[in-house]
Amino acid sequence: MVLCHAWKRRGEMAERSKALDFYFVDTWELSDVNGTELADAFIMCGILYGLRSGTERDSRIDYAYNLYTYALC
């Protein structure tokens, strides 16, 4: 999974690719998130979680997006 800033659009992009050739299988346009406010992100059970801090042990989850239903959680 690749999470990157969408330069020409407002927001972030999440893309799932094949492991061997990096061919993009799925792309999600996350226009409702400001990438400068997220320090780190991870995916668990199809939910993309965005963290406020990448260094604090008890960091707060500020963003959650369901990659199956294409909706905020």
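Not measured: the values here are computed from a predicted model.

Novice: Explanation requested: the nonpolar core in the structure shown.
Specialist: A general tendency of soluble globular proteins is for nonpolar side chains to be buried together. Trp28, Leu30, Val33, Leu38, Leu48, Tyr63, Tyr65 and Leu67 form the largest nonpolar core, which has eight residues in total. Counting residues per element, the ones that place at least two in this core are β3 (24–30) and β6 (61–66).

Novice: How should I be thinking about the sheet that holds strand β5 (residues 47–51) in this particular structure?
Specialist: The strands that make up a sheet are held in pairs by hydrogen bonds between backbone atoms, and each pair lies either parallel or antiparallel. Here we have four strands laid out as an open sheet, ordered β4-β5-β6-β7, and antiparallel in their pairing. The open sheet has two free edges, formed respectively by β4 (40–44) and β7 (71–72), since each of these has just one partner strand. Note: β5 against β6, five bridges, orientation antiparallel. Bridged to Gly50 within β6 is Tyr63.

Novice: Even after reading the chapter, I still don't get the packing of aromatic side chains, so can you show me in this structure?
Specialist: Each aromatic ring pair is summarised here by two numbers: the centre-to-centre distance and the angle between the ring planes. Applying the stated criterion across every chain, the model contains two aromatic pairs. Relative to Tyr49, the ring of Phe42 has its centre 5.1 Å away and its plane inclined at 25°; by these criteria the two rings are stacked. Overall, the relative accessible area of 32% leaves Phe42 in the partly exposed class. With 6.5 Å between their ring centres and 0° between their planes, Tyr63 and Tyr65 make a pair best called stacked. Like Tyr63, the residue Tyr65 is buried in the burial classification.

Cut-offs used in this document
- Residues numbered from 1 in each chain as written.
- Predicted model: local features only at pLDDT ≥ 70, side-chain atom pairs only at ≥ 80, totals over all residues.
- Heavy atoms only, no water.
- Core = buried A, V, L, I, M, F, W, Y, C linked by side-chain atoms within 4.5 Å.
- Buried < 20%, exposed > 50% of the residue type's maximum accessible area, 1.4 Å probe, protein only.
- Helix = DSSP H or I, 4+ residues; strand = E, 2+ residues; numbered from the N terminus.
- Pairing = 2+ DSSP bridges.
- Phe/Tyr/Trp six-rings, centres within 6.5 Å; stacked < 30°, edge-to-face > 60°.

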